[in-house]
Each structure stands twice: as C-alpha cells, then as structure tokens.
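Take a look at the letters that make up each chain.
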Amino acid sequence: MAAAKPDPAPDFFATSRAGVADAELRRKLENSTGRHLDHVAQMRAEFPPYDAERDAARAIKEDAIGRLDQLLIELKHQLEANGCTVFIAADAAEARDYILKVARQAGARRVVKGKSMATEEIALNPALEAAGLEVVETDLGEYIVQLRRERPSHIITPAIHLSKEDIGQLFADKLGIPYSAEPATLTAAARDRLRGIFLAADMGITGVNFAVAETGTLVLVENEGNGRLSSTLPETFIAVMGIEKVIPRLADVPHFLEILARTGTGQKLTTYTNFISGPRRKGEADGPGAMHVVMLDNGRSTMLADPVLREALYCLRCGACLNVCPVYRRIGGHAYNSVYPGPIGSIVSPNLFGSAAAQLPFASTLCGACRDICPVKIDIPRILLHLRWKEGQATPPIKWPADARRARAGVARFARMARHPRTMRLLTRAAAIFARPFAHDGYLKRMPGAFRNWTRWGRDFPAPRFRRRKHVP
Amino acid sequence: MTEVRLFATCLAEQFFPSVVDAAALVLERMKIKVRPLKSAFCCGQAPFNEGLREPALELARRFLNSCEPGTPVVIPSGSCTSMVKIFYSDLLAEEPALAARAAAIRPWLFEFSQFIVNVMRVKYVGARFDRTVAYHPACHLTRELGVVDEPRVLLGQVEGLRLVDFRNPEECCGFGGLFSVKLPHISAAMVEDKIVRLKECGAQAVVANDCGCLMQIGGAIHRQGLAIETFHLAEVLAAR
Amino acid sequence: MTAFHKLIANVKTALERAPRPAEPGHAADGGAAMPVAGDLRRTELIAQFARELAAVGGVFLGALTADQARPRIVALARELGAKAAACGAGVTMDLAPLARALEQSGVAMTRADRKSVADRAAYRDRLAQADLGIVEAHAAIAATGTLAVVGAADRPNSLTLLPPANLILVHADRVMPDLAAAVAALGTATFVTNRVALITGPSRTADIEKMIVLGVHGPKQLYAIAVWPAEGAR
Ligand code: SF4
C-alpha cells in the first residue's frame, strides 16, 4: 500500500521529549483539555441514555463494518442515483490525483476546505498548492494552523497547542490587525477575512462524518458553518470519506449525533448537522453544480482484515480520547509526527504510515481512559497491546533508542528468570543485601542498566527487600 | 474456615514485601486461612505489555498451573488481577487448553479490596490510621476491574483516617510498567503533575492498591523530598 | 476489474479473514406522517425547546399566532437595525403577508421565488447583503433546541448561512421530542431529494483555548418563533 507520505519522520522519542520540556505547551493543553473534559462530564451526567446510546451506536458500527462490502455497493449506487460522481481511491496518491483532475477539468483556482482529517491523511493541500491552486482552510482552528504553516495538533481542535496570545500575535502579523488576545475579536477577524474567500471560491472540499447507504446521504457535522458554506457556495464540491464512514440507514444517524456531540465537543448537538445527498437540482439557487464523493481505502481494508484492529474502524473522530489521554496531555499532538495523534492515532498510524509510526503503540501506559470516554467504546488498550505484539515481529524491526532496547531486553530476561520463583527469591534476597548500603530510607538514588532512566527522570527507586513472616516463601 | 491463596505479585515480592505481610495479616484477622501461592512469581504482564507474548505465555502457564478452581486467589494488585482475568484471553487465544483453564480459574480470582468487600462482605476491619489520606485509584483496578467504591468503603471505616479529594484523581500516575523507563520523560511528567495535585490537597499519605503506582508516586515524592508517605491499602487496613 | 470492484473484492476478502458478526434486526422506520401532540404535551415541548435554544445562545421570541408574529418580527427587524432581509417560502404557512409587512416598515425584501433565484449570482449577492434571513423550519427538536430546515428551490440553504441574523419559524405542532422523532417525521424521501440542515443555535467555535465564541461563518444571532394556529383553526 502506498501510504501518504508523513513528514520526514522525526523520532518520537525526540519530539515527545521536546513536548514535555515545553512547560508552556503543557499549561495550554491542561487548560483546554481540562475545559473540554468538564463539559463532557456535565453532558454525560445529564443524559441518562448516554451509555445505552453508546452501545446502540457501537452495534450499528459493528454491523456496518461487518458488511462493509454490501453497504459500499449500496452507497455508491444511491449516491450516483442522486447525481453524484463517485471515485474509489485505493490509496492517498489516487485520491489526490483524482481531486487534481477534477479541479483541472472544472478550471478551479480557489479552493475552500471544511475540516477534514481524511484530506490531512492524504496530504491534499500541498498537492493542490503545487498544482497552482489557492487552498484556504476555513475551520477557524485549521485556518490558524494553516497561517502558521503547521499541521493540526488535534483532530478536532487543530490549534489546541496555541494560546489566545499566540493567535493574537499570529493574526497581528499575518492579517495586519491590531493585536488582541480576545477570542471574540480574533474570531471576527477570521470571519471577515474568510467571507470574501468563500464567495469567490470555485471549489469546496470537506470530509464526511457519516454516509448513509440507504439514501446516499452524506452527513456533515460542524459548529462554525464553514462546512455548510464549503459544500453550498462553490460550483464544484468534493467530499472525501474513509470507507468506514458508511452506516446502513438514515434512522441510525440519531444514535450517533448526540453521543458524538456530547463527547466530542461537550454539546448536546453540534450547531450544524448537514444532510447532503447530491448536487444542486434544477431551479435551485445554491448548492454545487457538480458533486464528487471520494471513497478512500488507504489501508482501511488491511485494518478490516485484522480481527482486533478492525474495531478501530468504528472511530467517529470525536477527539475525546486525545483530551483524556495523560500522554497526549503531556506531549501534545505534534510529538506524534502523525496526522492522527493521541490514542486513536497510536492505533491507526502504524497501519497508515508504516514503520515511521511503529513506536506509537508503545506510547501509552494502557490506563484505559480513552476507552472509557470513547463514544463507541473502542477497546484502544487492547488494540495497543495487539499492535505491540504485531509490530514487535515486523520486519524491519522497530528502531529503538539504545535505552529502550536495553529495557526491552531486560524484561525478556526477567520473564525467563521469573519462570523459576525460587531462584527469583534468592536473587531478590541477594539484591536486597547488596543494595542495603546504597539505600536512603529505603530508596536508591541511582539505578544501573535498564532502570537508569527511572532515576534519571525525577524518581527514586525502591530498594529490593525480603520478608520474614511465616507465610512468606 | 475459608482458605485463600495469596499471590504476592513480582513487584511486591521484590520491593514491597510489607504489603504482602499486611494483606495476609488483614485476611488472617478475618479468620481466613492464608496460603501463599509460591509456585508462581509473576503473572506475565510485564513482557505481555511489551508485546513479548512467548515469554508472557510461559509465565501465564506457570501461574495458571499454580492455581486451582475452587480456592479463591487473592491478589493485592488491580493490575495483575486484570492481567489474569482480562488480558489472558488475548494472550491465550491460540492455546485452547490453557484458555479453558484460565476460564475456570477466572471466577476464583479477586483483587484484595474486592475480596474483602464483595466476597467476605466486610467493611470494617478494625484498623486505625491517624492520617489525612488521598486515595489514588489505580487505572487497571478502576477501568479494567471496575473496582471503584470498594477501597473507598474500606478506607471510610478506618478509625482516625480522614479521606481528602484531589483534582483529577483518575488520571494515570505514569507508571505503565516498562513505559516508565522506555519513555521516562513522559512517565516523569505524568507523576510530576499528579504530585502537584496531591500537594494541593494537603494529604499526609497517599494510598493505592497497586505496587506499580506506589513505586512511581513514592519514588517521585521521595526524590522531591516531600513529607507525604505512600501506603498500599493493605498496609492501612493492617494498621492498629 | 474496475477500481470499485477491486475495493469491494478487497473488503470482501478482509471480511472473510475476520468473521462478520450476526446482523442485528432494525426497528421499523418511523414513517413520514407528522404525529400531532396533544395541547398540553405541545406546550411542554415548546417550553423545553425554548429552554434548550436559550442554552445554546438562541433567542425564543414566543409561541405566537401568525397575526401576533408579524408585528413581532417587524419589531425585531427594527431592533436589529435591519435594512434588508431575505425570506424563503413557508412550509405550513404563507410568508407573503410577513414579507409585505416588513416591506411596509421599510425593509428591502429579497424573495425566493423563481424569478429572483434565476440569476444565482445576483441572488447570492443580495443574500450576502441581507441583515436578516427568514425561513420556516419543517420541524423543531425540543430535547436539543434544534430547528430542522429543509432546503428547496424556493427556500435556499444560503438563507440560514449568509445573513448575520436568522429568524426561523416553526409550526407549533411540529415541535418533536427528540432527534429520532424529527428524522422519522421528515421521512427518508426528504433527505434524498432535499438538503436538510439541523440548526442548533448560532454558529459557534471553541477553537481558541476551547472558549466558546458565537458567530463564526454562519449567523451570529438566531431567533425562533413557534407559530400557534389561530383561534378556531383546529
Ligand atoms: S477512538 Fe473513540 S474517543 Fe477516540 S476519536 Fe475515535 S471515537 Fe473518539
């Protein structure tokens, strides 16, 4: 599979180290994710059917993914009957080429984009820009990171790594407005700037949240209105969807919308839910003259074939698992070096981006907070464990820094020895005696070998001990 | 008289033997006969979490062969209990005989607080502990086993103990087994933030049910030279 | 083999490698008939809708009869300082008298009849200049404070997108308890032939430090009126 090219892969160990060292970044993440988690907690508490709805939504996904072939046939058929042109992209390159071709044929010059992780995944913007098109991200967060020529650091809050002061400075520099750190002022400035761009755009590109097979309807969920504008004003509209977005029936949609909003953004319902089934019809004043739907595989069928990883295809891209993840909250999204950061990123990135992301499944304590908050209860820890096992057998083997390699070898050695409890107890006894002179009230300040990194990073290590009571071996 | 096997767990055997002593003492005071489960040393979670399934499998085999269905096995760790109760099913997927044994043993496996509250139906163990205490809910205990209230119920009955809340208690302490030394910078950042919150709440002691958390939180507290002590729940319940 | 067949074949093989779960049964479709609630229930639903709308930053102007609504809307246009407004065709009501009343009060009106929308660019420009967009929703959702607006040739989607303020009317009988009821009431066919927008409050963002700001690309102000049938009308 020809995956989308990730950035010239910097090493996760280096980038995550930079993340934790950035106290300012950690403060911003703590602020924003904390605010989100408070909203979610409140939204969950006041919605008694929350858990039942999660189960219902999960069951629908399970069913849909379980007969994805049939549903895709039905969806394509219905979309075409509604007047859409459907393109199947096996990988990122095919998707990009097709979109470029459509743009060329339509003579498009100015492209407005609604928020879409799928187009980030296929690295669409650079390709469009290289072809001479002007591409503007219109979701406020995306717009901000585009102005900074950065990649989003979160799948639904792209600029979560920036403070309002950072953004104020950015807008003062790039938009030439007087400096302000007032979110309302900054938002108004972006609105003014983007309104003209919307009215002048000749092509709109957005992602898709759900695609209803029964009716050939794309469901787009958003708060700002930029997705609606991108899919309504320009003459050509392209929706890019992963093949896993298909659900069987229109009546399934309500089961998703509320849990998605409640966990994703801490709302009861997002401001706009758009149901789009086709291009403008005769006599209509707005809507695109041509509507294209790009169905993207790009490694999804590989995930489907893996019975454990398959569950990752249920993901609604709500972003909640990022906000609750203690690792994400300490290192930020950019440290992952992947379009998809955080817990969900750690399970989908290795499949999408290959060895460059092979270390990500190890970037977790397996605490399970992600699964707890996930609106479709994806068992992320289980998938991480599965991938650790699979990635461990992959060729070429994962490139570990020397310390990590030593730690891995150490645990393998421990596992071999731990088969012999009696020996282990003797060793513990020996270690306890040996360590005694070095211990300060029961703790060691410096550890050798694989445990070196423990005491180097802000923690003393408990000295080994042995027991005396009768029931003790 | 009830008889239980007490599985010490590798971390406690090596670094926290007093936890095993205390757990045994608390159970014995409840007129339970405690037999240590000696023929296994480790449930295999450490290699399993690292994706090293073969070595983990051998440890699982050893552990399962040391237990027998019909006798409760009590484990003073939420993490090791979840390993056997939950993660073994993936580990043993290709070993039907062992998987069947695991299924037979699973209902007889209890985390320490779970056993006392849900099986023995005891809340008051006659303990006295004169300190202000913050309870750190360990991740596997809470999210894998669903043991949320049991430790708090037990702590609530301890004389002299004042339980205080702190911000975001459920967030992981950052231990994560090998994670703590493979990605030490992230692990250390997590515990650093946890300790900031613990300091705010004015607790004199932190109590958890998992030796991994105790190592991590205790190690960081000791490095920072703070006057907060760390205890396993069993130690608190054994105190008089 | 076409790309599509290749994909389907891929997906099929993938599915065969990991077995598919049993298909769960589906509940029957709700059907397209609009259920009408009893008077008391209707009042309750409207009250709940009003509460939820307020919670998301919208303004409920009341449950009014058409005759009461007209002067209220004219007053609103004045409060907003609206010089130009645009209005789509009604669903259950005739909005022409309302448009006339606004015109008489000095507001330049853009209608969405065939003639005005024929020149799409000109129509869009007028909408972009309008201070207030007025439409009738097909349904409202009490549980979430949502308005379900069905786009059509004489009710363009841009009406609820381009003007900085929106007034959305809904028939009092069409306030549904929840999302599922509203989707069922609209009926599947509507979704195939028309664009449907569920609108829950004014446009908003939380992209800067997760702080909520109203009015990004869509309207900043959203007003709603539940239109009560006139005395003796039912
Ligand atoms: S894995 Fe779950 S919580 Fe994470 S983004 Fe996907 S749906 Fe949301």
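Residues numbered from 1 in each chain as written. Chains lettered and ligands numbered in written order. Predicted model: local features only at pLDDT ≥ 70, side-chain atom pairs only at ≥ 80, totals over all residues. Heavy atoms only, no water.

Focus on the domain arrangement of chain B
Residues and elements named next belong to chain B. For chain B, the domain assignment lists domain 1 (3-119) and domain 2 (132-238). On a C-alpha basis, the centroid separation for the pair domain 1 and domain 2 is 22 Å. With 29 residues of domain 1 at the interface, the matching set in domain 2 holds 23 residues. Contact between domain 1 and domain 2 buries roughly 2,100 Å² in total, counting both sides, with carbon and sulfur atoms accounting for 69%. Our count for the contact surface shared by domain 1 and domain 2 stands at one salt bridge. The partner of lysine 182 in a salt bridge is glutamate 50, and the shortest N-O contact between them spans 2.5 Å. Summed over the shared surface of domain 1 and domain 2, the result is ten residue pairs in polar contact (both at pLDDT 80 or more). Elements with a minimum of two residues in the side of domain 1 that touches domain 2: helix H1 (10-15), helix H2 (17-29), helix H5 (78-91) and helix H7 (112-119). Split by residue class, the side of domain 1 that touches domain 2 holds 15 nonpolar, ten polar and four charged. (Domains from an automatic or database assignment. Contact = heavy atoms within 4.5 Å. Buried area = accessible area lost by both parts, 1.4 Å probe. Salt bridge = Lys/Arg side-chain N within 4 Å of Asp/Glu carboxyl O. Polar contact = N/O pair within 3.5 Å; in protein donor to acceptor, adjacent residues only side chain to side chain. Helix = DSSP H or I, 4+ residues; strand = E, 2+ residues; numbered from the N terminus. Nonpolar A, V, L, I, M, F, W, Y, C, P; charged D, E, K, R; others polar.)

What about the interface of chain A and chain C?
Contact residues are listed per partner, giving 89 residues for chain A and 68 residues for chain C. Here chain A and chain C share an interface that buries about 7,100 Å² over both sides, 59% of which is from carbon and sulfur atoms. A per-residue breakdown of the area chain A buries against chain C is headed by A:Arg191, A:Arg228 and A:Phe275, which together make up 9% of the total. Residues A:Glu235 and C:Arg120 are paired through a salt bridge, measuring 3.9 Å at the closest nitrogen-oxygen approach. Linking chain A to chain C there are 29 residue pairs in polar contact (both at pLDDT 80 or more). The leading source of residues in the side of chain A that touches chain C is helix H10 (residues 183-200) of chain A, at nine residues. Of the residues contributing to the side of chain A that touches chain C, the split by class is 35 nonpolar, 29 polar and 25 charged. Note: strand S9 (residues 272-276) of chain A against strand S9 (residues 196-199) of chain C, four bridges, orientation antiparallel. Its bridge partner lying in S9(C), A:Thr273 is registered against C:Leu198. (Pairing = 2+ DSSP bridges.)

Side note on the packing of aromatic side chains
Taken as a whole and judged by the stated rule, the model has 19 aromatic pairs over all chains. Judged by centre distance (6.3 Å) and plane angle (75 degrees), the ring pair of A:Phe12 and A:Phe13 falls under edge-to-face. When the centroid spacing of 4.8 Å and the interplanar angle of 65 degrees are considered together, the rings of B:Phe7 and B:Phe63 count as edge-to-face. Note that B:Phe7 is positioned in the loop between strand S1 (3-6) and H1 and B:Phe63 in helix H4 (residues 53-66), a separation of 56 residues in sequence. Taken as a pair, B:Phe7 and B:Phe63 share a single burial class, namely buried. Connected via pairs of aromatic rings, a cluster forms that spans A:Phe12, A:Phe13, A:Tyr328, A:Tyr336, A:Phe362 and A:Trp400. (Phe/Tyr/Trp six-rings, centres within 6.5 Å; stacked < 30°, edge-to-face > 60°. Buried < 20%, exposed > 50% of the residue type's maximum accessible area, 1.4 Å probe, protein only.)

Here we look at the site of the ligand
Lining the immediate surroundings of the ligand are A:Cys315, A:Leu316, A:Arg317, A:Cys318, A:Gly319, A:Cys321, A:Ile344, A:Cys374, A:Pro375, A:Ile378 and A:Ile380. The class makeup of the residues in the shell around the ligand is nine nonpolar, one polar and one charged. (Near = heavy atom within 4 Å.)

Observations regarding H5(B)
Note: α-helices contain 3.6 residues per turn, so residues at a spacing of three or four share the same orientation. Residues and elements named next belong to chain B. Taking 1.5 Å per residue as the helical rise, H5 with its 14 residues ought to reach 20 Å, and the 18 Å between its terminal C-alpha atoms agrees with that figure. The sharpest bend along H5 reaches about 40 degrees and sits at valine 84. Burial runs high along H5: twelve of the 14 residues are buried. Of all the residues in H5, the buried ones are Gly78, Ser79, Cys80, Thr81, Ser82, Met83, Val84, Lys85, Phe87, Tyr88, Asp90 and Leu91. (Expected span 1.5 Å × (residues − 1). Bend = angle between axes of the 7 residues up to and from the residue.)

Points about the arrangement of the chains
Of all two pairs of chains sharing an interface, the pair with the highest contact count is chains A and C. A gap remains between chain B and chain C, with no contact made and the closest C-alpha atoms lying 14 Å from each other.

What about the interface of chain A and chain B?
Counting from both sides, the interface comprises 67 residues of chain A and, opposite them, 69 residues of chain B. Interface of chain A and chain B: buried area, both sides summed, is about 6,100 Å²; carbon and sulfur atoms make up 59% of it. For the interface between chain A and chain B, the tally reads eleven salt bridges. With its nearest N and O atoms 2.9 Å apart, the salt bridge here joins B:Glu13 to A:Arg425. Counting across the chain A and chain B interface gives 29 residue pairs in polar contact (both at pLDDT 80 or more). A total of seven residues in the side of chain A that touches chain B trace back to one element, the largest contributor, which is helix H19 (residues 402-417) of chain A.

Side note on the pattern of salt bridges
A complete count under the given rule lists 57 salt bridges over all chains for this structure. Two residues, A:Asp372 and B:Arg143, come together in a salt bridge whose shortest N-O distance is 3.8 Å. Residue A:Asp372 is located in helix H17 (residues 369-373), and its partner B:Arg143 is located in helix H8 (residues 139-144); the two belong to separate chains. Assessed through its relative accessible area of 15%, B:Arg143 is described here as buried. Close ionic contact of B:Arg223 with A:Asp460 constitutes a salt bridge, the shortest N to O distance being 2.6 Å. Placement of the pair is B:Arg223 in helix H12 (residues 211-224) and A:Asp460 in the loop between helix H21 (452-456) and strand S12 (461-462), with the two residues belonging to separate chains. Look at A:Asp460 and you get buried, because its relative accessible area is 0%. The structure contains a network of salt bridges with shared partners spanning A:Arg26, A:Glu30, A:Arg329, A:Arg330, B:Glu171, B:Glu192, B:Asp193 and B:Arg197.

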